[in-house]
Amino acid sequence: MVQKNTIFKNTILNKIPILIFICLFLLTSCNKDAEVFIGTVHTIDIENKRLLVISGLKEEDLKKSYKELLNSSEYAKIIWVSKVSPSRFKQGDEIEITYTASDDSYPAQVTAKKITKISN
């Protein structure tokens, strides 16, 4: 009886690292590293169906041109969100954007997987 328990324990213990590896592999392959960005809509580009969204945007800066804000370097977190329906948004809307990839430009350019209005 003692020998059967030892064989059983050794067999299970040998397979635990393999099971852990499989679980971690499945978890990481399912995770698309979705990122969330919260900011205020500054510019609505109807022609190109995109929004310029700035994190931490001050209300008085809504009146400034986006080029002026980009050149000021006051805001580090600015993104263009592509493939949106511009008619759903207006300048000053606070939104939450979920996306999976962005380029390295400034401002970054992303395609939103999900956009949620927080306030307007």
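Residues numbered from 1 in each chain as written. Predicted model: local features only at pLDDT ≥ 70, side-chain atom pairs only at ≥ 80, totals over all residues. Heavy atoms only, no water.

What follows is about the overall build of the protein. Within the protein one finds two helices and five strands. Start at the N end of the protein and walk to the C end: the helices and strands fall as α-β-β-α-β-β-β. Taking all 120 residues of the protein together, the buried fraction comes to 29%. Look at the contacts in the protein between residues 6 or more apart in sequence, and 58% of them connect residues 24 or more apart. Total accessible area computed for the protein in this model is approximately 8700 Å², and 56% of it derives from carbon and sulfur atoms. (Helix = DSSP H or I, 4+ residues; strand = E, 2+ residues; numbered from the N terminus. Buried < 20%, exposed > 50% of the residue type's maximum accessible area, 1.4 Å probe, protein only. Contact = heavy atoms within 4.5 Å. Areas by Shrake-Rupley, 256 points an atom, 1.4 Å probe, with all protein chains shown as cover.)

Aromatic ring pairs are described here by two measures, namely the spacing of the ring centres and the angle between the planes. One pass over the structure, following the stated rule, counts one aromatic pair. Sitting over the face of the ring of Trp-80, Arg-50 holds its NZ or CZ atom 3.6 Å from the ring centroid. (Phe/Tyr/Trp six-rings, centres within 6.5 Å; stacked < 30°, edge-to-face > 60°. Lys NZ or Arg CZ within 6 Å of the ring centre and 35° of its normal.)

Of note, the amide linkage connecting Tyr-106 to Pro-107 takes the cis form, showing an omega dihedral of 0°. Within the secondary structure, Pro-107 is located in the loop between strand E4 (94-102) and strand E5 (108-119). Backbone geometry at Lys-49 places phi at a positive 50°, although glycine is not the residue there. Unusually for a residue other than glycine, Lys-83 sits at a positive phi of about 60°. Structurally, Lys-83 is set in the loop between strand E3 (78-82) and E4.

On to the sheet that holds E5. Pairing is mixed around the closed barrel formed by five strands, whose spatial order is E1-E2-E3-E5-E4. In this sheet, neighbouring strand axes are inclined to one another by 55° on average, regardless of whether the strands run parallel or antiparallel. Where strand E2 (residues 50-54) lies against E3, five bridges are found, and the strand directions are antiparallel. Across the sheet, Arg-50 pairs through a bridge with Ser-82, a residue of E3. (Pairing = 2+ DSSP bridges. Axes fitted to C-alpha atoms, helices over the stretch in contact; angles between N-to-C directions.)

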